[in-house]
Amino acid sequence: MSTRQDHILVVDDSESTLRVIKRNLDAQGYTVVTATDVATAIELLEDTAFDLVVTDLRMPKVGGLDLVRHVRSNFPDAGVIMITGFASIGSAVSAMQAGAEDYLPKPFTDEELLTAVRGALQKIHLRRAARLPNSEATPPPHGMIGDSSAMRRVYDLINRAAAADATVLITGESGTGKELVARAVHYNGPRASAPFVPVNCAGIPEALVESELFGHVKGAFTSATSNRAGLFAAAEGGTIFLDEVGELAPATQAKLLRVLQEREVQMVGADRARKIDVRVITATNKDLAALVARGKFREDLFYRLHVVTIDLPPLRERGDDVLLLARHFLTRFSQQAGRPTPTLTDRAVEALRAYSWPGNVRELQNLLQRLVILTDGDELDATVLPAAMRFSIPREARALNRTLAEIEREHIEAVLASVGGNKTRAAEILGIHRKSLREKLKPTEPDSPT
Ligand SMILES: Nc1ncnc2c1ncn2[C@@H]1O[C@H](COP(=O)(O)OP(=O)(O)OP(=O)(O)O)[C@@H](O)[C@H]1O
Ligand SMILES: [Mg+2]
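Because the structure is a prediction, the values reported are computed rather than measured.

A. Looking closely at the packing of helix 13 (residues 321-337) against helix 14 (residues 346-354). Their axes nearest at 9 Å, the elements helix 13 and helix 14 cross at an angle of 120°. As far as their axial angle goes, helix 14 and helix 13 are oblique. Taken as a pair, helix 13 and helix 14 cross one another with a handedness that is right-handed. Facing Val322, Leu323 and Ala326 of helix 13, the residues of helix 14 in contact are Val349, Leu352 and Arg353. Along the lines of polarity and charge, the residues of the contact of helix 13 with helix 14 split into five nonpolar, no polar and one charged.

See below:
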């Protein structure tokens, strides 16, 4: 259940061993490629970004140790597991010294293989996360954290849109970083030294929107006791960011269209329009095309707004970016609290990766801020995470070292969380009496002599 399918290269001179291993790993949802010798493996490594290489030690011509060294010096992002056919301590030690994550003495069971593979992949994911950007030495592009291919595409679009001074529409689920992208576009473009003016269209009462955006002249309406410049005027030379643009009323949509077409605004109550030089960036978490289809949003305005569209992927589609962001926020909030940055345990990492993050980056940020305040110690373990999140750890990754009581308690807490703490409904779902649920929820007594 990892966020991205891990790619594994298996190298062994025995076709039958390859078949068995591949069948096993395929069944777990990994993407598996096989090679019968090191030369082929090295070619394959050039074409695919493998997360893990599982290689036999003794092979004719070139042996597994050379492959480990090759991977270590050329693909620092990949892990290696060495299968040591002649299970001597010596060969295992050499493998680890050459940089393998783990070794697996033959013969091994399916379960031993899977445990080694999971462990090595986890090390790799942690290592990747650790490499990245706490250090101010390499500031992330536009102050945004994330190294996934989905986010790299976003950075590329930001750079192009910024340079082109184009009108930009930013779409994406709530909390994905739309405002951050809007700022990145502004501050990386030719208008960087002029104002960036964010406007939450949903936050202004409909009756006031026009005067807020375009300004008004004295006497335009009862409370207009003096001339007032609007937000467009405040953004002169710079960028206005219209957030939640899908919420604009039809009359305002018409006025905005005119601003974009004529490049001029008319203050409420004024008889002439004035030229302006403002870049317009808009954002929405609605499906604007669907709103157009339902007649809720003007089609002509829609086309004006999405000259360039930057669609932000949800956090659950950004792979290990979750860990980079988690470490970034942990560091930041710990520094603010004046305490050392705790490390994430393997189980916490697994839980963060497996969770679906409906509230995206904002949810992650809020969670880590809370955890830094509420927990002490130099480790952050999965036990301090909300139940719903611990529950999303893939079963096989957490079940093997736990007692039944622990698993039962976790399941109960997860069910409780899913029904908002309603014990009656939780008991129904669990198929037990409400009274027994209450019993089970009692804090466990310290062991008493029997
Ligand atoms: N890639 C990122 N790197 C670092 N911080 C991020 C990233 N994306 C988002 N954030 C942070 O997460 C929070 C939410 O981002 P932002 O307000 O830009 O989201 P949004 O898409 O505008 O959300 P909404 O739809 O709820 O308005 C902000 O504090 C922002 O700084
Ligand atoms: Mg926003």
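From this point, the discussion proceeds with the structure in view.
B. Looking closely at the sheet that holds strand 4 (residues 79-84). Pairing in this open sheet of five strands is parallel, and the strands run 2-1-3-4-5 from one edge to the other. Pairing within the sheet leaves two strands with one partner each, and these edge strands are strand 2 (31-35) and strand 5 (102-105). Each strand axis lies, on average, 20° off the axis of its neighbour in the sheet, ignoring direction. Note: strand 4 against strand 5, four bridges, orientation parallel. Bridge pairing links isoleucine 81 to aspartate 102 in strand 5. Strand contacts of helix 1 (residues 15-27): strand 1 (7-11), strand 2 and strand 4, with the helix running at about 170° to strand 2, the strand carrying the most contacts.

C. Quick peek at the pairing of strand 1. Within strand 1, four of the five residues are buried, which leaves it mostly tucked inside the rest of the structure. Bridging between strand 1 and strand 2 involves five bridges; their strand directions are parallel. Following the sheet pairing, histidine 7 is matched in strand 2 by threonine 31. With respect to chirality, the unit in which strand 1 leads through helix 1 into the neighbouring parallel strand 2 is right-handed. As defined by bridge partners, strand 1 adjoins strand 3 (residues 52-56) across four bridges and the pair is classed as parallel. In the strand pairing of strand 3, valine 10 is matched with valine 54.

D. Seen up close, unusual backbone geometry. Across the junction of lysine 106 and proline 107, the peptide omega takes the value -5°, indicating a cis bond. Within the secondary structure, proline 107 sits in the loop between strand 5 and helix 5 (110-131). Positive phi outside glycine occurs at asparagine 360, with the angle close to 55°. For asparagine 360, a relative accessible area of 0% translates into the label buried.

E. Structural context of the site of ligand 1. Within the structure, ligand 1 sits among 16 residues, and Ile145, Ser174, Gly175, Lys178 and Arg362 are positioned closest to it. Within the backbone of isoleucine 145, a nitrogen or oxygen atom sits 2.9 Å from a nitrogen atom of ligand 1. In the environment of ligand 1, an oxygen atom lies 2.9 Å from a nitrogen or oxygen atom belonging to the backbone of glycine 175. For ligand 1, whose free accessible area comes to 630 Å², the fraction covered by protein is 83%. At the level of elements, helix 7 (178-187), helix 13 and helix 15 (360-374) are the ones that each hand at least two residues to the shell around ligand 1. Of the residues that constitute the shell around ligand 1, the class distribution is six nonpolar, six polar and four charged.

F. Geometry of the domain arrangement of the protein. Taken domain by domain, the protein comprises domain 1 (7-131), domain 2 (149-311) and domain 3 (402-450). A C-alpha centroid distance of 52 Å is found between domain 1 and domain 2.

G. Summary view of the side chain of aspartate 56. With respect to the secondary-structure elements, aspartate 56 resides in strand 3. Since its relative accessible area comes to 3%, aspartate 56 is described here as buried. Once residues within four sequence positions are removed from consideration, aspartate 56 is found in contact with Val11, Asp12, Asp13, Gly64, Met82, Ile83, Gly85 and Lys106.

H. View of the pattern of salt bridges. The final tally for this structure, using the stated rule, is 20 salt bridges. A salt bridge links aspartate 26 to lysine 22, with the shortest nitrogen-to-oxygen separation between them at 3.1 Å. Placement of the pair is aspartate 26 and lysine 22 together in helix 1, with a separation of four residues, close to one helical turn. Take lysine 22: its relative accessible area is 29%, and that puts it in the partly exposed class. In this structure, glutamate 210 and lysine 255 form a salt bridge, with 2.8 Å as the shortest nitrogen-oxygen distance. Taken together, the residues glutamate 210 in helix 8 (residues 206-214) and lysine 255 in helix 10 (residues 250-262) connect sequence positions 45 residues apart. Members of the salt-bridge network, linked through shared partners, are Asp165, Arg191, Asp277 and Arg279.

I. Just a positive patch on the surface, in detail. Among the surface-exposed residues, Lys423, Arg434, Lys435 and Arg438 lie close enough to one another that they form a single positively charged patch. For the positive patch, the leading source of residues is helix 20 (residues 434-441), giving three residues. Along the chain, the position of arginine 434 falls in helix 20. The exposure class assigned to arginine 434 is partly exposed, which follows from its relative accessible area of 36%.

J. Structural context of helix 3 (residues 64-74). For helix 3, the complete set of buried residues consists of Gly64, Leu67, Val68, His70 and Val71. The buried residues of helix 3 occupy an angular sector of 165° when the element is viewed end-on, so they sit on one face.

K. Spotlight on the nonpolar core. Judged by nonpolar contacts, the single largest core of 29 residues is most densely connected at Leu213, Phe232, Ile240, Leu242, Leu256 and Phe297. Residue assignment for this core shows that the elements contributing at least two residues are strand 7 (196-200), helix 8, strand 10 (239-243), helix 10, helix 11 (288-293) and helix 12 (299-305). Leaving out residues up to four positions away in the same chain, phenylalanine 232 has contacts with Leu213, Phe214, Ile240, Leu256, Val259, Val265, Ile276, Val278 and Val280. Counting 27 residues, the second-largest nonpolar core is a separate cluster that includes Ile145, Leu324, Leu352 and Trp357.

Cut-offs and rules
- Residues numbered from 1 in each chain as written.
- Chains lettered and ligands numbered in written order.
- Predicted model: local features only at pLDDT ≥ 70, side-chain atom pairs only at ≥ 80, totals over all residues.
- Heavy atoms only, no water.
- Axes fitted to C-alpha atoms, helices over the stretch in contact; angles between N-to-C directions.
- Helix = DSSP H or I, 4+ residues; strand = E, 2+ residues; numbered from the N terminus.
- Parallel < 35°, antiparallel > 145°, perpendicular 65-115°, else oblique.
- Left-handed = near helix turned anticlockwise from the far one by under 90°.
- Contact = heavy atoms within 4.5 Å.
- Nonpolar A, V, L, I, M, F, W, Y, C, P; charged D, E, K, R; others polar.
- Pairing = 2+ DSSP bridges.
- Buried < 20%, exposed > 50% of the residue type's maximum accessible area, 1.4 Å probe, protein only.
- Right-handed = clockwise from strand over helix to strand, strands pointing away.
- Near = heavy atom within 4 Å.
- Polar contact = N/O pair within 3.5 Å; in protein donor to acceptor, adjacent residues only side chain to side chain.
- Areas by Shrake-Rupley, 256 points an atom, 1.4 Å probe, with all protein chains shown as cover.
- Domains from an automatic or database assignment.
- Salt bridge = Lys/Arg side-chain N within 4 Å of Asp/Glu carboxyl O.
- Patch = residues over 30% accessible without salt bridge, like charges linked within 9 Å, V, L, I, M, F, W, Y side chains within 5 Å.
- Lys, Arg positive; Asp, Glu negative; His and termini not counted.
- Charge placed at Lys NZ, Arg CZ, Asp CG, Glu CD.
- Arc of directions from axis to C-beta.
- Core = buried A, V, L, I, M, F, W, Y, C linked by side-chain atoms within 4.5 Å.

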